[in-house]
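Observations on the model geometry
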Amino acid sequence: MHGLLVKPNILSSDHCNQIIDLFDHDDRSIQGQPYPAKLSTDLYCNFNDTQWHDYSAIILPAVRRLVNCIRSEYYFINYCGPWDISDWYNIQHYQHDQGYYRHHCEHGRSALNRILAWMIYLNDSPCGTEFPYQQTTLQAIQGHGAIWSAHWTHPHRGVTPNIGNKYIATGWCEYDAI
């Protein structure tokens with residue numbers, strides 16, 4: 001789908017529910033940024049930091065599967081220089097009427113090393129994610145994962161206003177530091 005790869009059941013329902021339960025009982029969450037373009041509650045996590053182990057142990061294997069899928073489907077990406085999954089990722093909760101209202105991409109002045117973005121829906125929600133240039137809207141289906149180019153070719157935003165609750169895990173792949 002034009003550099004946007006969607007994989008069903010990248011995480012099991014049990015794992016998704018476990019992450020949601022952990023998130024709902026975690027007092028480290030904060031208002032998502034950039035506010036007010038994005039209204040959400042976020043946890044900023046790191047795969048290599050042991051304080052996030054309960055989340056990372058579930059999410060990282062699924063992200064590796066997504067990366068392997070895009071490396072296979074779009075093989076040229078393997079020739080674009082050394083890159084890997086970023087250590088940093090977010091878990092986000094959008095309540096009723098919240099969302100990421102503005103189209104955006106994941107690569108820019110403050111994130112020049114990003115090559116890909118990934119996302120995993122942690123619950124079913126009526127409001128997914130809109131990709132205007134790909135002329136598609138992803139359905140928010142529990143356990144489904146997506147990975148796409150972080151660049152201007154893939155602007156996206158949440159379908160807003162959000163109806164009910166939507167939980168996602170999201171992050172990036174980045175070029176190795178020089």
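Whatever comes next refers back to the structure up there.
In what follows, the accompanying structure is described. Because the structure is a prediction, the values reported are computed rather than measured.

**Topic: the overall build of the protein**
Looking only at helices and strands, one finds two helices and 12 strands in the protein. In the protein, the succession of helices and strands from N to C terminus is β-α-β-β-β-α-β-β-β-β-β-β-β-β. Here the protein has a C-alpha radius of gyration of 15 Å; the compact-globule value for 178 residues is 16 Å, and the two agree. The buried share of the protein, reckoned over its 178 residues, is 49%. For the protein, contacts bridging at least 24 residues in sequence account for 77% of all contacts bridging at least 6. Total accessible area on the protein is roughly 9,100 Å²; 52% of this is exposed by carbon and sulfur atoms. Considering the protein, the positive charge centre built from 11 side chains and the negative charge centre built from 17 side chains are found 8 Å apart.

**Side note on the sheet that holds strand 8 (residues 125-131)**
Pairing in this open sheet of three strands is antiparallel, and the strands run 9-8-11 from one edge to the other. The two strands at the open ends of the sheet, each matched to only one other strand, are strand 9 (136-140) and strand 11 (157-158). With two bridges joining them, strand 8 and strand 11 adopt antiparallel strand pairing. Residue pairing across strands places E130 opposite R157, the latter belonging to strand 11.

**Some details on unusual backbone geometry**
Residue P34 is reached from Q33 by a cis peptide bond, and omega for that bond is 5 degrees. Inspection of the secondary structure assignment puts P34 in the loop between strand 2 (30-31) and strand 3 (38-39). That bond from Y35 to P36 is cis: its omega, 10 degrees, falls within 30 degrees of zero. Along the chain, the position of P36 falls in the loop between strand 2 and strand 3. Phi angles above zero are rare outside glycine, and N9 is one such case at about 55 degrees. Note on placement: N9 falls in the loop between strand 1 (4-7) and helix 1 (13-24). Of note in the backbone geometry, D97 takes a positive phi value of approximately 75 degrees without being a glycine. Here D97 lies in the loop between strand 5 (83-94) and strand 6 (99-100).

**What to know about the sheet that holds strand 2**
One open sheet accounts for seven strands, arranged 1-10-7-12-5-4-2; its pairing is antiparallel. The open sheet has two edge strands with one neighbour each: strand 1 and strand 2. The sheet contact formed by strand 1 and strand 10 (residues 145-149) spans four bridges and is antiparallel. Of the residues in strand 10, the one forming a bridge with L4 is W148. Along the sheet, helix 2 (residues 53-73) contacts strand 1, strand 4 (41-46), strand 5, strand 7 (114-121), strand 10 and strand 12 (166-175); its crossing angle with strand 5, the most-contacted strand, is approximately 120 degrees.

Calculation rules
Position numbers for residues count from 1 along each chain, tracking the sequence in the order it is written. Only residues with pLDDT of at least 70 get local features here, since the model is predicted, and only at 80 or more are side-chain atom pairs given and counted; chain-wide, interface and lining totals rely on the full set of residues. The basis for every side-chain value is the complete set of heavy atoms in the structure, and neither hydrogens nor water enter the calculation. Numbered from the N terminus, helices here are DSSP runs of H or I no shorter than four residues, and strands are runs of E no shorter than two. Only the C-alpha atoms count toward the radius of gyration. The rule for a globule is 2.2 Å times the residue count to the power 0.38. Only protein chains enter the calculation, and the probe is 1.4 Å; a residue is then buried if its accessible area is under 20% of its type maximum, exposed if over 50%, and partly exposed in between. Here, residues are in contact when the closest pair of their heavy atoms is within 4.5 Å. Here the open area of atoms and residues is found with the Shrake-Rupley method and a 1.4 Å probe, where only the protein chains shown may cover a residue. This count recognises Lys and Arg as positive and Asp and Glu as negative, with His and chain-terminal groups excluded. Working definition for charges: the position is that of NZ of Lys, CZ of Arg, CG of Asp or CD of Glu. Note: two strands are recorded as paired if DSSP finds a minimum of 2 bridges between them. Axes here refer to lines fitted to C-alpha atoms; in helices the fit is confined to the stretch in contact. Angles between the N-to-C directions go from 0 to 180 degrees.

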